[in-house]
Amino acid sequence: MDRLVNTVRPYAWGSTTAIPELLGVRPTGEPQAEMWMGAHPGAPSLVDRGAGPVALSEAIAADPEGELGAAAVRLFGPRLPFLLKVLAAAAPLSLQVHPDLAQAKKGFADEEERGVPADAPHRNYKDANHKPELICALTPFDGLCGFRDPNEAAELLAALEVDSLKPYVDILHAHPESHALREVLTAVLTADPEAMAETVRLAAAAAERLGALDGPYAPAYAAYASIARHYPGDPGVIAAMLLNFVTLQPGEALYLGAGVPHAYLEGLGVEIMSNSDNVLRCGLTPKHVDVPELLRVVRFESAAPAVLRPEADPSGEEVYATPVDEFRLSRHVLADGAAPRPLPAAGPQILLCASGEVSLRGADGELPLKRGESAFVPAGEEVALTGGGTVFRATVAA
């Protein structure tokens, strides 16, 4: 088992305080958005096995089966198939969707064939993998997830009393669900920029007013008004109004599969995803928005956010059930003085101490972890958790 030294990414939307507080260090004053734990080539964690720090990706490449296990290598190749993060949002992230596996393979092959440079700002597919993900709240966590029912979206837009939104309201009322959602999102993203900026200005002012009143949509209106303050004039503000607003309480989670439009707005959470950088953006970003490709990937289906709560198994491990093989997230809540809790050893594991102080006990000794610290445990290495605190465990599901 190895203590991980992790990179913190300073994206502009990040909180200046949440990750430093988790780690028990002084804030720098700069945004600290994501702490990456894993072997992603963009920012692999470091391990030190006696010869100095090396990237976890290099340690895995030197002995894939020894680090990951034969089953994981057979299914996913010689690389860690998941990335674990602590995500700290103080401002909205881009409104986005991810492709499914078939779409990712086709899109990547097409851009490779056309010679689109890997670092081109207009490139959509950085790799040939899908990017399912799960976010679990450590603090109250606001986000957008999936389309509202079209009639509900129409009611919400109509209450803004903005004349330029009335055609969208009519479409949402008059057409079947998939057709209505597709037509309105297309219209929003392809509208004249100046006209849309004025629509966003008027809608944001109305949302600000309605968000301060009592009513079933008040929290959503307040969130949309906040988004507009961060992204004035962005068509993504209106696109966001087609989506469900949700607040996760600590311990609750959302699974985000292919084609589901979503955005994280504010809060601290633990995120796990497959190893992919494939993102198609709908708005709330200065980055490239490829509307035709986006419309091919989005699933125009309404659904209320399916908030996940962990289910405990007989060992006490609390599992967040998801329908993917690349990752499995669970947590262990340990009381001081409780018996050591053995962990299954079949696959590779990353363990993050989210509160308290715990230790990993193995055949070769003991590794203490304080709040915010993490460790990598290779496949086949038997360890047990002791101490008092909350530990998130990331491993493969297959």
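Along each chain, residues carry numbers from 1 onward, in the same order as the chain's sequence is written. Per-residue local features are limited, in this predicted model, to residues with pLDDT of at least 70; the limit for side-chain atom pairs, both in listing and counting, is 80 or more; totals at the level of whole chains, interfaces and linings are taken over all residues. Just so you know, side-chain values use all the structure's heavy atoms and leave hydrogens and water out.

Asks: So what about the overall build of the protein? Which residues, and what values?
Replies: In this description a helix means any DSSP run of H or I spanning at least four residues, a strand means any run of E spanning at least two, and both kinds are numbered starting from the N terminus. A tally of helices and strands in the protein yields twelve helices and 22 strands. Each radius of gyration is computed over the set of C-alpha atoms, and the globule rule expresses the reference value as 2.2 Å times the number of residues to the power 0.38. The C-alpha radius of gyration of the protein comes to 22 Å, within 12% of the 21 Å expected for a compact globule of 398 residues. Accessibility here uses a 1.4 Å probe with only protein chains present; expressed as a share of the type maximum, an area under 20% marks a residue as buried, one over 50% as exposed, and anything in between as partly exposed. Residues counted as buried form 54% of the 398 residues belonging to the protein. Across the protein, contacts joining residues at least 24 apart in sequence account for 74% of those joining residues at least 6 apart. For every accessible area listed, the method is Shrake-Rupley and the probe measures 1.4 Å; residues are considered covered only by the protein chains on display. Looking at the protein as shown, the accessible area adds up to about 16,800 Å², and 53% of this sits on carbon and sulfur atoms. In this analysis, two residues are considered to be in contact whenever any of their non-hydrogen atoms come within 4.5 Å of each other.

Asks: Explain the nonpolar core to me, using residue names and the numbers behind them.
Replies: Membership of the largest hydrophobic core comes to 55 residues, with the highest contact counts inside it found for L157, L160, L172, I238 and M241. Leaving out residues up to four positions away in the same chain, L157 has contacts with L165, Y168, V169, L172, M241 and L242. Joining through side-chain atoms within 4.5 Å is the link that ties buried Ala, Val, Leu, Ile, Met, Phe, Trp, Tyr and Cys residues into a set, and such a set is a nonpolar core. Among the nonpolar cores identified, the runner-up in size contains 37 residues, and I60, L134, F376 and A394 belong to it.

Asks: Residues and numbers for the packing of helix α6 (residues 150–158) against helix α7 (residues 166–174), please.
Replies: Fitted lines through C-alpha atoms give the axes, limited to the stretch in contact for helices. The angle between two N-to-C directions lies from 0 to 180 degrees. The geometry of α6 relative to α7 is characterised by a closest axis approach of 8 Å and an angle of 160 degrees between their N-to-C directions. In terms of orientation, α6 lies roughly antiparallel with respect to α7. As α6 runs across α7, the sense of the crossing is left-handed. For the pair α6 and α7, contact is made by P150, N151, A153, A154, L157 and A158 and by Y168, V169, L172 and H173, respectively. Grouping the constituent residues of the contact of α6 with α7 by class yields eight nonpolar, two polar and no charged. In what follows, roughly perpendicular refers to angles from 65 to 115 degrees, roughly parallel to angles under 35, roughly antiparallel to angles over 145, and oblique to any angle outside these ranges. Working rule for handedness: look at the near helix, and if it is turned counterclockwise from the far one by less than a right angle, call the crossing left-handed; if clockwise, right-handed. Three classes are used, and their members are as follows: Ala, Val, Leu, Ile, Met, Phe, Trp, Tyr, Cys and Pro are nonpolar, Asp, Glu, Lys and Arg are charged, and the others, Gly among them, are polar.

Asks: Give me the environment of G283: which residues, what numbers.
Replies: Following the sequence through the fold, G283 ends up in strand β13 (residues 280–283). In this structure G283 comes out as buried when scored by relative accessible area, which is 4%. G283 sits 49 residues away from D234 along the chain, and the two C-alpha atoms are 6.8 Å apart. When neighbours within four sequence positions are excluded, G283 is seen to be in contact with S94, L95, D234, G236 and V289.

Asks: Give me helix α10 (residues 218–230): which residues, what numbers.
Replies: Between its terminal C-alpha atoms α10 stretches 19 Å, which fits the 18 Å expected from 13 residues at 1.5 Å a residue. When α10 is considered as a whole, its buried residues turn out to be A218, A220, Y221, A223, Y224, A225, I227 and A228. Considering only its buried residues, α10 is in contact with β9 (141–147), α6, α9 (193–211), α11 (236–240), β10 (243–248) and β12 (262–274). By this rule the span expected of a helix is its residue count minus one, scaled by 1.5 Å.

Asks: Before we move on, could you go through unusual backbone geometry and cite the residues and values that matter?
Replies: Negative phi characterises most residues that are not glycine, and trans characterises most peptide bonds. Not every positive phi belongs to a glycine, and E161 is a case in point at roughly 55 degrees. You can see E161 is positioned in the loop between α6 and α7. For E161, a relative accessible area of 64% gives the class exposed. The residue L284 is not glycine, and still its phi comes out positive at about 60 degrees. On the secondary structure map, L284 appears in the loop between β13 and α12 (291–297). Accessibility expressed as a relative area gives 1% for L284, which makes it buried.

Asks: Any details on the packing of aromatic side chains? Residues and values, ideally.
Replies: Only the six-membered ring of Trp is used, alongside the rings of Phe and Tyr, when aromatic pairs are assigned; centres must lie within 6.5 Å, and planes under 30 degrees apart are stacked while those over 60 apart are edge-to-face, with the rest tilted. Scanning the model with the defined rule gives four aromatic pairs in all. An angle of 20 degrees between the planes, with centres 5.6 Å apart, marks the rings of F147 and F300 as stacked. Remark: F300 occurs in the loop between α12 and β14 (307–308) and F147 occurs in strand β9; sequence separation between them is 153 residues. A relative accessible area of 2% means that F147 is categorised as buried.

Asks: Run through the pairing of strand β20 (residues 365–370), naming residues and quoting values.
Replies: Here strand β19 (residues 349–362) pairs with β20 via six bridges, running antiparallel. In the sheet register, R361 faces β20, and the bridge partner there is E366. DSSP bridges decide pairing: two strands pair if at least two such bridges lie between them.

Asks: Give me helix α5 (residues 101–113): which residues, what numbers.
Replies: End to end, α5 covers 18 Å across 13 residues, agreeing with the expected 18 Å (1.5 Å per residue, within 8%). Looking at α5, one finds that the buried residues are A104, G107 and E111. All buried residues of α5 lie within an arc of 75 degrees about the axis, which places them on one face of the element. The exposed residues of α5 that point more than 90 degrees off its buried face are A102, K106 and E113. At the exit of α5 stands G115, carrying a positive phi of roughly 70 degrees. Summarising the geometry, the arc corresponds to the directions from the helix axis toward the C-beta atoms.

Asks: Quick one: what's the story with the pattern of salt bridges, residue by residue and with numbers?
Replies: Pairing is possible between side chains that carry opposite charge, provided their charged atoms lie close to one another. For this analysis, a salt bridge means a side-chain nitrogen from Lys or Arg found within 4 Å of a carboxyl oxygen belonging to Asp or Glu. For the structure shown, the criterion picks out 18 salt bridges. Between E373 and R3 there is a salt bridge whose closest N-O contact spans 3.0 Å. With E373 in the loop between β20 and β21 (374–377) and R3 in strand β1 (residues 2–3), the pair connects residues that are 370 residues apart, well separated along the chain. Note on R3: relative accessible area 33%, which makes it partly exposed. The partner of E252 in a salt bridge is R309, with the nearest N and O atoms 2.9 Å apart.

Any link to function would need more than the numbers given here.
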